[in-house]
Amino acid sequence: MVESIARVRHIRVTPMKARRVVNLIRGKQAEEALAILKFAPQSASEPVFKLVASAIANARVKADATNSYLDEQDLYVSKAYVDEGATLKRFRPRAQGRAFRINKRTSHITVVLSTPDEAVAGKKGAN
C-alpha cells in the first residue's frame, strides 16, 4: 500500500564501503534492518541507519496524508542501492617535488521501503 523513498547525497563514504553495508539490509524487514545497522562495525552503517529511519518516518507521514493504516512491522527494504557521487580531488606533496593525487569519493545512497501488498501489485504490473 505504502512506498517511501529516502535519499542522502554527497555523503563522505566511498561507494564500495557503503555497498557492503547496504547489501546487509536489502530485502530485510525495516525494524530488523535498523537492528543490524545499529551493531554493524562499519563506519557507513551510521548514515545508512539514519536513512532507513528517515524512510520509516516518510512512510508514516505518507500514510497519514492518505488516511491509510500503516503497520511499521510490514515495511521492508524493497530497494537499496549506492551510486557514486562527486569526487573531491586533493594533492599530496611527495619526494623530489612530485605531487600525488588523492581522490576523496562521495556516495548517493537510496533506500526504498514498501509493504508486501505493493510489491505483489508491482510484479503483476511488470508481467
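A brief look at the structure comes next. Just so it is clear, the model here is predicted, and its values are computed rather than measured.

1. Details of the overall build of the protein
Assigned secondary structure in the protein consists of four helices and three strands. Mapped from its N terminus to its C terminus, the protein presents α and β elements in the order β-α-α-α-β-β-α. Summarising its shape, the C-alpha atoms of the protein cover approximately 65 × 35 × 25 Å along the three principal directions. Here the protein contributes 23 positive and 12 negative side-chain charges, whose respective centroids are spaced 19 Å apart.

2. A few points about the sheet that holds strand β1 (residues 3-11)
Within a sheet, neighbouring strands are paired by backbone hydrogen bonds and run either parallel or antiparallel to one another. Sheet architecture is open: three strands sit in the order β1-β3-β2, paired in antiparallel fashion. Strand pairing shows two members of the sheet lacking a second neighbour, β1 and β2 (76-93), which therefore form its edges. Across the sheet, the axes of successive neighbouring strands diverge by a mean angle of 10 degrees, strand direction being ignored. In this sheet, strand β3 (residues 99-114) lies alongside β2 in antiparallel orientation, the contact comprising 15 bridges. Its bridge partner lying in β3, valine 77 is registered against leucine 113. Contacts between helix α1 (residues 15-25) and the sheet are confined to β2 and β3, with β2 contributing the most and set at about 165 degrees to the helix.

3. Looking at the pairing of β3
Across a regular strand the side chains alternate sides, sitting on one face of the sheet and then on the other. Of the pairings in the sheet, the one linking β1 to β3 comprises seven bridges and is antiparallel in character. Residue pairing across strands places valine 8 opposite isoleucine 109, the latter belonging to β3. Between β2 and β3, which pair antiparallel in sequence order, lie five residues; one of them, glutamine 96, sits at a positive phi of approximately 60 degrees.

4. Thoughts on the nonpolar core
Within the largest apolar cluster, 27 residues are counted, with the highest numbers of intra-cluster contacts made by Val48, Val52, Ile109, Val111 and Leu113. Take this core: its biggest share by element is seven residues, from helix α3 (residues 45-65). The contacts of valine 111, once residues within four sequence positions are left out, are Ser4, Ile5, Ala6, Leu51, Val52, Val77, Lys79 and Ala80.

5. Focus on unusual backbone geometry
Its identity is not glycine, yet histidine 10 carries a phi of approximately 60 degrees, on the positive side. Among the structural elements, histidine 10 can be located in strand β1. Judged by relative accessible area, which is 46%, histidine 10 ranks as partly exposed. Backbone geometry places asparagine 67, a non-glycine residue, at a positive phi of 55 degrees. Along the chain, the position of asparagine 67 falls in the loop between α3 and β2.

6. A short note on the side chain of serine 114
Within the secondary structure layout, serine 114 lies in strand β3. At 3.3 Å, the side chain of serine 114 forms a polar contact with the side chain of serine 78.

Here is what the cut-offs are and how they apply
- Residues numbered from 1 in each chain as written.
- Predicted model: local features only at pLDDT ≥ 70, side-chain atom pairs only at ≥ 80, totals over all residues.
- Heavy atoms only, no water.
- Helix = DSSP H or I, 4+ residues; strand = E, 2+ residues; numbered from the N terminus.
- Lys, Arg positive; Asp, Glu negative; His and termini not counted.
- Charge placed at Lys NZ, Arg CZ, Asp CG, Glu CD.
- Pairing = 2+ DSSP bridges.
- Axes fitted to C-alpha atoms, helices over the stretch in contact; angles between N-to-C directions.
- Contact = heavy atoms within 4.5 Å.
- Core = buried A, V, L, I, M, F, W, Y, C linked by side-chain atoms within 4.5 Å.
- Buried < 20%, exposed > 50% of the residue type's maximum accessible area, 1.4 Å probe, protein only.
- Polar contact = N/O pair within 3.5 Å; in protein donor to acceptor, adjacent residues only side chain to side chain.

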